[in-house]
Amino acid sequence: MDKVFDALAHPTRRRILELLKRGGMTAGELADAFDVSKPTMSGHFARLRDAGLIQGESRGTSTLYTLNLSALEEVMMAFMGRLKVGADADDDVDGDTGEQGKTT
């Protein structure tokens, strides 16, 4: 989960994900959307791949990147579970009284 949040921490990587929502794009097409060097973009792609948020497929001399929504959904569900989002309202927050910070 930490790798996903680390990958999402940078605005360029979040923008790459937004662009990929429309469909697959080559590394060159994605790089053209940003005013940074190709090695810098490669680093961003690597972080996103390492987090499982994108997939890269070699096509001749280029790489086609696609969004991996299932990985993002899994991490978000796990994170929501840690926050007990959607849990039964009677579940204890701190294990004692159901009220944060209070004990009996």
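Counting of residues starts from 1 at the beginning of each chain's written sequence and follows it residue by residue. Reporting of local features is limited, given that this is a predicted model, to residues whose pLDDT is at least 70; pairs of side-chain atoms are given and counted only at 80 or more, and all residues count toward the totals for whole chains, interfaces and linings. Hydrogens and water are ignored here; the side-chain numbers use all heavy atoms of the structure.

**Student:** Just checking my understanding: could you explain helix H2 (residues 11-20) for this structure?
**Tutor:** Three or more residues of H2 are buried, namely Thr-12, Arg-13, Ile-16, Leu-17, Leu-19 and Leu-20. Seen end-on, H2 carries its buried residues on one side only, within an arc spanning 160°. Whether two residues are in contact is decided by their heavy atoms: any pair within 4.5 Å suffices. A run of H or I in DSSP becomes a helix once it reaches four residues, and a run of E becomes a strand once it reaches two; helices and strands are each numbered from the N terminus. The elements touched by buried residues of H2 are helix H1 (2-8), strand E1 (25-26), helix H3 (27-32), helix H4 (38-50), strand E2 (54-59) and strand E3 (62-67). Between buried and exposed lies partly exposed: a residue is buried under 20% and exposed over 50% of the maximum accessible area for its type, with that area taken using a 1.4 Å probe on protein chains only. Starting at the helix axis, one direction is taken to each C-beta atom, and the arc is that of these directions.

**Student:** What's the story with a nonpolar patch on the surface in this structure? I'm lost.
**Tutor:** Residues Met-1, Phe-5, Met-76, Met-77, Phe-79, Met-80, Leu-83 and Val-85 make up a contiguous nonpolar surface patch of about 680 Å² in total accessible area. Per-element accounting of the nonpolar patch gives the leading share, 4 residues, to helix H5 (residues 69-82). Mapped onto the elements of the fold, Met-1 is located in the segment before H1. Residue class for Met-1 comes out partly exposed when judged on its relative accessible area of 32%. Patch membership is restricted to residues that have no salt bridge and whose relative accessible area is over 30%. Joining uses 9 Å for like charges and 5 Å for the nonpolar side chains Val, Leu, Ile, Met, Phe, Trp and Tyr. The accessible surface values rely on the Shrake-Rupley method and a 1.4 Å probe; as for residues, cover is taken only from the protein chains in view. What makes a salt bridge here is a side-chain nitrogen of Lys or Arg within 4 Å of a carboxyl oxygen of Asp or Glu, nothing more.

**Student:** Would you take a moment to explain the nonpolar core for this structure?
**Tutor:** Nonpolar side chains in soluble globular proteins tend to be buried together. The set of buried Ala, Val, Leu, Ile, Met, Phe, Trp, Tyr and Cys residues whose side-chain atoms join them within 4.5 Å is what this entry labels a nonpolar core. If you look at the biggest cluster of nonpolar residues, it comprises 19 residues, and the most contacted ones within it are Ile-16, Leu-20, Leu-30, Phe-45, Leu-48, Leu-53 and Ile-54. Those elements that place two or more of their residues in this core are H1, H2, H3 and H4. Residue contributions to this core peak at 4 residues, all from H2. Non-local contacts of Phe-45, meaning those with residues more than four positions away in its chain, are made with Ile-16, Ala-27, Leu-30, Ile-54 and Tyr-65.

**Student:** Is there a simple way to think about the environment of Thr-26 in this case?
**Tutor:** Here Thr-26 shows up in strand E1. Spatially, the C-alpha atom of Thr-26 lies 4.2 Å from that of Leu-64, the residues being 38 residues apart in sequence.

**Student:** Looking at this structure, how should I read the side chain of Asn-68?
**Tutor:** Looking at where Asn-68 falls in the secondary structure, it is placed in the loop between E3 and H5. Here the side chain of Asn-68 touches Gly-52 through a polar contact of 2.9 Å, landing on its backbone oxygen. Pairing of N or O atoms within 3.5 Å defines a polar contact, subject to two protein rules: one partner must be a possible hydrogen donor and the other a possible acceptor, and residues neighboring in sequence count only if both atoms are side-chain atoms.

**Student:** How do you make sense of the sheet that holds E2 when you look at a structure like this?
**Tutor:** Through backbone hydrogen bonds, the strands of a sheet pair up, either in parallel or in antiparallel fashion. Strands sit in the order E1-E3-E2 across an open sheet of 3 strands; the sheet is antiparallel. Pairing within the sheet leaves two strands with one partner each, and these edge strands are E1 and E2. Pairing of E2 with E3, which is carried by 6 bridges, proceeds in the antiparallel orientation. Note on E3: the bridge partner recorded for Gly-56 is Tyr-65. Orientation is described by lines fitted to C-alpha atoms, with helices fitted over the stretch in contact, and by angles between N-to-C directions that extend from 0 to 180 degrees. Running at roughly 85° to E3, H2 makes contact with E1, E2 and E3 of the sheet. Of the strands in this sheet, E2 and E3 are in contact with H4, which crosses E2 at around 120°. DSSP bridges decide pairing: two strands pair if at least two such bridges lie between them.

**Student:** Just checking my understanding: could you explain the environment of Leu-17 for this structure?
**Tutor:** Within the element layout of this structure, Leu-17 appears in helix H2. The class for Leu-17 is buried, based on a relative accessible area of 9%. Distance from Leu-17 to Ile-54, taken between C-alpha atoms, is 8.0 Å for residues 37 residues apart in sequence. Excluding residues that lie within four positions of it along the chain, Leu-17 makes contacts with Leu-8, Leu-48, Leu-53, Ile-54 and Leu-67.

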